[in-house]
Amino acid sequence: MGPLKTLWHRLGSPRWFYGMLAPWQLGFGVAALTLLTIGTTWGLVFAPADYQQGESFRIIYVHVPTVILAQSAYMMLGVAGFVLLVWRMKMADVAMVAIVPFGIAITVLGLFTGAVWGRPTWGTWWEWTDARLVSTLILLFLYFGLYALRQAIPNAESAGRACAVLAIVGLINIPIIKYSVEWWTTLHQGSTFSVTRVSMPMQMWAPLLVNVVGMYCLFGWVITRRMRTEVLRRERDTAWVNDLFGKRL
Amino acid sequence: MMHLLSGQLSREFLLVSRVRTDVLNPLIFLLLSVTLFALALEGRPEILRVHAPAVLWTLVLLTNMLALDGVFRRDFDDGVLEQLFLQADAPWIAILGKLIVHWLVTGFAMVVCIPLFGLALYLPAEVLPVLMLALLLGTPTITCLGAIGAALTVGLRRGGAILALLVLPLLIPVLIFGVSAVNRVMDGEPALAELYWLAALSLASITSAPFAVGSALRISLEQ
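None of the values given here were measured: they were computed from a predicted structure.

Asker: Which residues make up the overall build of chain B, and what values do they have?
Answerer: The number of helices and strands found in chain B is 10 helices and zero strands. Order of helices (α) and strands (β) in chain B, N terminus to C terminus: α-α-α-α-α-α-α-α-α-α. Across its three principal directions, the C-alpha atoms of chain B cover 55 × 35 × 30 Å. For chain B, restricting intrachain contacts to residue pairs at least 6 apart in sequence, the fraction spanning at least 24 positions comes to 83%. When the accessible surface of chain B is split by element, carbon and sulfur atoms take 68% of a total near 10,100 Å².

Quick look at the structure:
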C-alpha cells in the first residue's frame, strides 16, 4: 500500500483525523496571527497613501483578502462536495459543515468593506450595474442556499450529500453567473490584485500579499477548529471521545 | 431506452390530462401577478411598457418556482420514484420524460400565453416575437435547474421556500439575458447574442440536469 492510500484509509477514522488536525490548527493560528498583524500594521500605517484615493484606499488590505477568501471558500466547498459524492468520504462532509458559515461571514464582510470603500471612492455604497458587486451578492445567496438546505434536512447523511450536489451545481454555475452579470456595463475599476501582474507599487502591494496569505491561514485555523469540533459532536457517544475528556461531554 | 421514454411520456401526459389544474394554476397565477403589477404601477402605459420585460421575466421565474415544487412530489409520496430507481437501468431517461412534459405544460404554455400578457403591459407588438423566442430558449434552463432543486427538497415538508432560495440565484443568467434580449429589440438593436446565450444555457442544462436530478432524487429517497 502506498503512502497516499494509507492516508486515504486513515482519513476514514475520525479519531485519527481529530488528532492529526491539532498541529495544523496551531500552525494556521500562529501563522494567521503573525501575518495579519504584520500585513495590517504595514498596510494601515507604513504603506504610502494612494495619490488619488488618499488614505481611504487602505481598506484594500481588509477588503481584497475577504473577497478572495469568499470565492476560494466556495471553490473548496465544491471540491469537498465532489469528494463526498464520489468517494463517500465523511470528512469531506465535516469540511463542508465547517466552511459554509465561514463563507457566509467572509462574504458579508467583503460586501460591507466594499461598500465602505465605494462610498468615498465612487460616491456610492452600492452599484447594481457593477458586475463584481452583484456576483459577490449572488455568491452570498449560494452560501445561504447551502446553509438552508442543510438545516432543512433532518437526516445528517442525506443533508451532507444533498449539499454536495448543490455545491457542485453552484460551482459549475459561478463562471456563467459572473459572465452574465459582466454583460452590464461596469463602473468598477479593473481588478487591483493578481499574483502574476503587479499594477501597484511594491510598497503598497507587499502588505496586501501578506494579508491575503494571512487570511488564508485564518481560514485554515477557523476551518480546522470547526472541523475538529464537528468531529467531536458527531462522535460524542464513542469511547475515544469520552476517554479524551475524562468523562461524558 | 426509447420504450422507457415513450412510456414515461404517455404516463405523464395522462396524469396531466387527469389533473388539469396543474397546467392552469401557474398560468392563472402569472395572469394574476401581471394584473397586480399593472395595478401597482397605476396602469400608466409609458411606465408599464418600459418595465414589462423585467416584470414578465421575473414573474415567469417565480411562477416556475411554484410549479416546480410539485414536479416530483406525487411520485415521491406514492412510491413511484422508488420503483423507478429499483427497476430502471437508466432512471435519467424517465426523469428526462418527466422534465419534457413538465416543461411543455409550464414553460411552453407560458411561451404561448406571453403575447397576451405582453400586450396587457403595452409592449409594442413587434417585440412580442423576440419575447416568445427568448422564453422558448430560456424556460428549459429554468425547468432543468429548478428540477435539481425540486429533487433535493422533495422529501421536505415545506420544500417550496427552500427550492426558490436554492434555484433562483442559479437562474440569474437566464433573467439577465432574457430581459436584455427584449430590451435590445425595443431599442431597435439585434438580440442575437442574448438568444444564443439562452440557447447555449438550455442545451447545457438539458444534457446535464437529468443526471444531477437522478442523484438528487436518490439522496432524497434514502433519507
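Asker: So what's going on with the overall build of chain A? Residues and values would help.
Answerer: Summing up its helical and strand segments, chain A has eight helices and zero strands in all. The N-to-C order of helical and strand elements in chain A reads α-α-α-α-α-α-α-α. Based on the C-alpha atoms only, the size of chain A along its principal axes is roughly 60 × 40 × 35 Å. When each of the 249 residues of chain A is scored for burial, the buried share is 49%. Sequence-distant contacts, at least 24 apart, represent 74% of the contacts inside chain A between residues at least 6 apart.

Asker: Got a sec to walk through the pattern of salt bridges? Specific residues and values, please.
Answerer: Where charged atoms from two side chains of opposite charge approach closely, those side chains can pair. Scanning all chains against the criterion turns up 15 salt bridges over all chains. D93 of chain A is paired through a salt bridge with R234 of chain A; the nearest N and O atoms lie 3.0 Å apart. A residue pair is termed long-range when its members are at least 10 positions apart, and D93 of chain A in helix α4 (residues 90-122) and R234 of chain A in helix α7 (residues 202-234) qualify at 141 residues. Residue class for D93 of chain A comes out buried when judged on its relative accessible area of 5%. Note that E42 of chain B is salt-bridged to R44 of chain B, the shortest N-O span being 2.6 Å. Salt bridges sharing partners connect three or more residues here, namely D93, R150, E230, R233 and R234 of chain A.

Asker: So what's going on with the interface of chain B and chain A? Residues and values would help.
Answerer: Taken residue by residue, the interface counts 24 residues in chain B and 27 residues in chain A. Each partner contributes to the roughly 2,200 Å² buried at the junction of chain B and chain A, and carbon and sulfur atoms together form 81% of this total. Ranking the residues of chain B by area buried against chain A places L170, I176 and I219 of chain B at the top, with a combined share of 25%. Summed over the shared surface of chain B and chain A, the number is one salt bridge.

Asker: Help me get a handle on unusual backbone geometry, residues and values and all.
Answerer: Its identity as a non-glycine residue notwithstanding, R88 of chain A has a phi of 55°, on the positive side. Counting through the fold element by element, R88 of chain A comes out in the loop between α3 (60-87) and α4. The phi angle at Y122 of chain B is positive, at roughly 65°, despite the residue not being glycine. Along the chain, Y122 of chain B falls in the loop between α6 (91-120) and α7 (128-153).

Asker: Quick rundown of the packing of aromatic side chains? Include the residues and the values.
Answerer: Residue and element names in this part refer to chain B. Within the structure shown, the criterion is met by 12 aromatic pairs over all chains. For the pair W103 and F108, a centre-to-centre distance of 5.5 Å together with 50° between the ring planes defines the contact as tilted. Given a relative accessible area of 17%, W103 falls into the buried group. Residue class for F108 comes out partly exposed when judged on its relative accessible area of 35%. Measuring from centroid to centroid gives 5.1 Å for F177 and W197, while their planes differ by 10°, and the two rings are stacked. Residue F177 is found in helix α9 (residues 172-186), and its partner W197 is found in helix α10 (residues 192-222); the two are separated by 20 residues along the sequence. Accessibility expressed as a relative area gives 0% for F177, which makes it buried.

Asker: Please provide a residue-by-residue account of the packing of helix α5 (residues 80-87) of chain B against α10 of chain B, values included.
Answerer: Residue and element names in this part refer to chain B. Two elements in contact, α5 and α10, have axes whose closest approach is 11 Å; the angle formed by their N-to-C orientations is 115°. α5 and α10 meet at a crossing whose hand is left-handed. Mapping the contact onto sequence places L81, E82 and F85 in α5 and G214, L217, R218 and L221 in α10.

Asker: Describe the confidence of the model for chain A, listing the residues and the values that go with them.
Answerer: The predicted coordinates should not be examined in detail at positions where pLDDT is low. Taken as a whole, chain A shows an average pLDDT of 86; of its residues, 92% reach a score of 70 or greater. Taken together, the stretch residues 194-198 of chain A has pLDDT below 50 and engages in four contacts with residues farther than four places along the chain or on a different chain.

Asker: Describe the packing of α3 of chain A against α4 of chain A, with residues and values.
Answerer: All names here are of chain A. Here α3 crosses α4 at 155°, and the two axes come no closer than 8 Å. Taken together, the axis directions place α3 and α4 in an arrangement best described as roughly antiparallel. Here α3 runs over α4; the crossing is left-handed.

Asker: How would you sum up the nonpolar core? Please name residues and give values.
Answerer: In terms of nonpolar packing, the biggest core is built from 117 residues, with L149 of chain A together with W57, F72, I148 and L217 of chain B touching the most fellow members. Considering each element in turn, this core owes the most residues, 13 residues, to α7 of chain B. When residues no more than four places from it in sequence are discounted, the contact partners of L217 of chain B are F72, L81, F85, I95, A151 and V154 of chain B. Ranked by size, the runner-up nonpolar core spans 12 residues in total, among them A47, I59, I60 and W205 of chain A.

Asker: Can you explain the side chain of T66 of chain A? Please cite residues and give values.
Answerer: Within the secondary structure layout, T66 of chain A lies in helix α3. For T66 of chain A, the side chain forms a polar contact with the main-chain oxygen of H63 of chain A, separated by 2.6 Å.

Asker: Account for a nonpolar patch on the surface, naming residues and giving values.
Answerer: Residues and elements named next belong to chain B. A grouping of F13, I100, L104, F108, V112, L133 and L136 is seen on the molecular surface, where their side chains present a nonpolar patch of about 530 Å² in accessible area. Elements that contribute at least two residues to the nonpolar patch include exactly α6 and α7. Tracing the backbone through its elements, the reader meets L136 in helix α7. Under the relative-accessibility criterion, L136 is labelled partly exposed at 32%.

Asker: With reference to specific residues and values, describe the confidence of the model for chain B.
Answerer: The predicted model of chain B has a mean per-residue pLDDT of 91, with 100% of residues at 70 or higher. In the model output, the complex is listed with pTM 0.89 alongside ipTM 0.89.

Criteria and thresholds
Residues numbered from 1 in each chain as written. Chains lettered and ligands numbered in written order. Predicted model: local features only at pLDDT ≥ 70, side-chain atom pairs only at ≥ 80, totals over all residues. Heavy atoms only, no water. Helix = DSSP H or I, 4+ residues; strand = E, 2+ residues; numbered from the N terminus. Contact = heavy atoms within 4.5 Å. Areas by Shrake-Rupley, 256 points an atom, 1.4 Å probe, with all protein chains shown as cover. Buried < 20%, exposed > 50% of the residue type's maximum accessible area, 1.4 Å probe, protein only. Salt bridge = Lys/Arg side-chain N within 4 Å of Asp/Glu carboxyl O. Buried area = accessible area lost by both parts, 1.4 Å probe. Phe/Tyr/Trp six-rings, centres within 6.5 Å; stacked < 30°, edge-to-face > 60°. Axes fitted to C-alpha atoms, helices over the stretch in contact; angles between N-to-C directions. Left-handed = near helix turned anticlockwise from the far one by under 90°. pLDDT = per-residue confidence, 0-100. Parallel < 35°, antiparallel > 145°, perpendicular 65-115°, else oblique. Core = buried A, V, L, I, M, F, W, Y, C linked by side-chain atoms within 4.5 Å. Polar contact = N/O pair within 3.5 Å; in protein donor to acceptor, adjacent residues only side chain to side chain. Patch = residues over 30% accessible without salt bridge, like charges linked within 9 Å, V, L, I, M, F, W, Y side chains within 5 Å.

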